[in-house]
Amino acid sequence: MAESKHDKFIRVAESRTNKIIDMIRLLSNCSNTATYEYTDEDVKKIFSALESELKACKSKYQDISNKENKFTLR
């Protein structure tokens, strides 16, 4: 039996989400000042980039209905 689109979404989304969570946890290891040196500006740049990407990703899920609507003057 073929995998449904929803089942495929669940399988792929769970896997990718877990990979992202693992990578964020690895990134947090860089906060160890015994091993690394960084500035507040470095941290701001990192989180700005992450927040920007997350916002862009989230908007793709929320804008589905807007993409289907066509412009009309009627």
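Above this text you will find the structure in question.
Residues numbered from 1 in each chain as written. Predicted model: local features only at pLDDT ≥ 70, side-chain atom pairs only at ≥ 80, totals over all residues. Heavy atoms only, no water.

(A) Summary view of the overall build of the chain. What the chain contains, in helices and strands, is 3 helices and 0 strands. Mapped from its N terminus to its C terminus, the chain presents α and β elements in the order α-α-α. Relative to the 2.2 N^0.38 estimate, which gives 11 Å for 74 residues, the radius of gyration of the chain is 19 Å and therefore markedly larger than a compact globule would have. Each principal axis of the C-alpha distribution contributes one length, and for the chain these read about 60 × 45 × 10 Å. The burial tally for the chain puts 0% of its 74 residues in the buried class. (Helix = DSSP H or I, 4+ residues; strand = E, 2+ residues; numbered from the N terminus. Rg over C-alpha atoms; globule rule 2.2 N^0.38 Å. Buried < 20%, exposed > 50% of the residue type's maximum accessible area, 1.4 Å probe, protein only.)

(B) A look at the layout of surface pockets. Considered as a void within the structure, the largest pocket measures approximately 410 Å³ in volume. The wall of the largest pocket is formed by 15 residues, among which Arg16, Thr17, Ile20, Leu54 and Cys57 lie closest to the centre. Among the elements of the structure, α1 (5-28) and α2 (40-62) are those that each provide at least two residues to the lining of the largest pocket. It is α1 that provides the largest number of residues to the lining of the largest pocket, a total of 8 residues. Along the lines of polarity and charge, the residues of the lining of the largest pocket split into 11 nonpolar, 1 polar and 3 charged. Space inside the second largest pocket adds up to approximately 200 Å³. Contributing to the lining of the second largest pocket are Ile24, Leu27, Ser28, Cys30, Ser31, Tyr38, Asp42, Val43, Ile46, Phe47 and Leu50. (1 Å grid on protein atoms, 1.4 Å probe; cavity = no way out; pocket = protein on both sides within 12 Å on 5 of 7 lines; lining within 4 Å. Points joined across faces, edges and corners; volume = space filled by probe spheres on them. Nonpolar A, V, L, I, M, F, W, Y, C, P; charged D, E, K, R; others polar.)

(C) Spatial organisation of the pattern of salt bridges. Under the defined criterion, the tally for this structure stands at 1 salt bridge. A salt bridge links Glu3 to Arg11, with the shortest nitrogen-to-oxygen separation between them at 3.0 Å. Look at Arg11 and you get partly exposed, because its relative accessible area is 46%. (Salt bridge = Lys/Arg side-chain N within 4 Å of Asp/Glu carboxyl O.)

(D) Structural context of a nonpolar patch on the surface. On the surface, a nonpolar cluster with roughly 320 Å² of combined accessible area is contributed by Leu27, Ile46, Phe47 and Leu50. Tracing the chain through its elements places Ile46 in helix α2. (Patch = residues over 30% accessible without salt bridge, like charges linked within 9 Å, V, L, I, M, F, W, Y side chains within 5 Å. Areas by Shrake-Rupley, 256 points an atom, 1.4 Å probe, with all protein chains shown as cover.)

(E) View of the environment of Cys30. Along the chain, Cys30 falls in the loop between α1 and α2. A residue is classified by how much of its surface remains accessible, and Cys30, at 33% relative accessible area, is partly exposed. With 12 residues separating them in the primary sequence, Cys30 and Asp42 have C-alpha atoms 11 Å apart.

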